[in-house]
Amino acid sequence: MAARIEKVVTSGTFELDGGKWDVDNNVWLIGDDEQVIVVDPAHEAAPILDAVAGREVVAIVCTHAHNDHITAAADVRAATGAPVHLHPGDRVLWDMMYDWAPDESLSDGDELRVAGATLRVIHTPGHAPGACCLYLEALDVVFTGDTLFQGGPGATGRSFSSRETIEESIRESLANRQSDEWIRDHAVVSDQLNIFASLLFMFLDAESAPEGTAQRAGELATLGVVELLRFVPVV
């Protein structure tokens, strides 16, 4: 059975630098009827475990360690026995919430296997130092964590973030990827998919932008909210 993608939306708070905000988060399940990988176990374990529905959890992968992406990591780990994977660059954020280390470290180019499919790690620092995207080769989908938000890059106004670094990550690690790959955004605040072509138009000058980027950006900018199963090709 081919790998598929399922989404669970959970609600809670994002807390950093003394601030606290109500947010909705997407939690992704990647797998089949037998096994799954859980991406970004946010807020509460119960709805995530309900969606897992007794399947083997191969791994719990955190795209980064802001609290709203890892709140349920301990409970999902305890319930399933699955290891938690995190890039070591985000230990400074992880340690604000937990007194134990993630079970496995993510590195750029790592590959995780689930349901016969490969999930490849792309390190994209900027929103957080250890932020990663995940490329699901079988479906040509990239889970961008918070590296991309709706209409632009992930937020960089808090501790341990960098606008310059996130722009470099987008240019070097995402914008130059092949045209048959696709972007799917995990947005913390808006629960919307990022229109990636408009982001390219925003950040790449006319000489470096792929042919047709400006036209595609104009077309896609009219779409507004893009539902889960509507894809935006990288042009």
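Just above, that's the structure.
Computed from a predicted model, the values in this text were never measured in an experiment.

1. Focus: the nonpolar core
Here is step 1: Counting 28 residues, the largest nonpolar core has Val27, Val38, Val57, Ile70 and Trp94 as its most contacted members.
Here is step 2: Put simply, the parts of the chain that give this core at least two residues each are strand E1 (4-16), strand E2 (19-31), strand E3 (35-39), helix H1 (45-52), strand E4 (56-61), helix H3 (73-80), strand E5 (84-86) and helix H4 (91-94).

2. A closer look at the environment of Ile5
Here is step 1: Counting through the fold element by element, Ile5 comes out in strand E1.
Here is step 2: Owing to a relative accessible area of 17%, Ile5 belongs among the buried residues under this scheme.
Here is step 3: Residues Ile5 and Val141 lie 136 residues apart in sequence; the distance between their C-alpha atoms is 9.8 Å.

3. Looking at the packing of H1 against H3
Here is step 1: Relative orientation of the contacting elements H1 and H3 amounts to 40°, with a least axis distance of 9 Å. Between H1 and H3, the crossing angle belongs to the class labelled oblique. With respect to the hand of their crossing, H1 and H3 are arranged in right-handed fashion. Facing H1, whose interface residues are Ala45, Ile48 and Leu49, H3 presents Asp75, Val76, Ala79 and Thr80.
Here is step 2: When grouped by side-chain class, the residues that make up the contact of H1 with H3 number five nonpolar, one polar and one charged.

4. Notes on the pairing of E1
Here is step 1: For E1 and E2, the ladder comprises 13 bridges, and the chain directions are antiparallel. Each residue of the ladder has a partner; that of Leu16, found in E2, is Gly19.

Conventions used here
Residues numbered from 1 in each chain as written. Predicted model: local features only at pLDDT ≥ 70, side-chain atom pairs only at ≥ 80, totals over all residues. Heavy atoms only, no water. Core = buried A, V, L, I, M, F, W, Y, C linked by side-chain atoms within 4.5 Å. Buried < 20%, exposed > 50% of the residue type's maximum accessible area, 1.4 Å probe, protein only. Helix = DSSP H or I, 4+ residues; strand = E, 2+ residues; numbered from the N terminus. Axes fitted to C-alpha atoms, helices over the stretch in contact; angles between N-to-C directions. Parallel < 35°, antiparallel > 145°, perpendicular 65-115°, else oblique. Left-handed = near helix turned anticlockwise from the far one by under 90°. Contact = heavy atoms within 4.5 Å. Nonpolar A, V, L, I, M, F, W, Y, C, P; charged D, E, K, R; others polar. Pairing = 2+ DSSP bridges.

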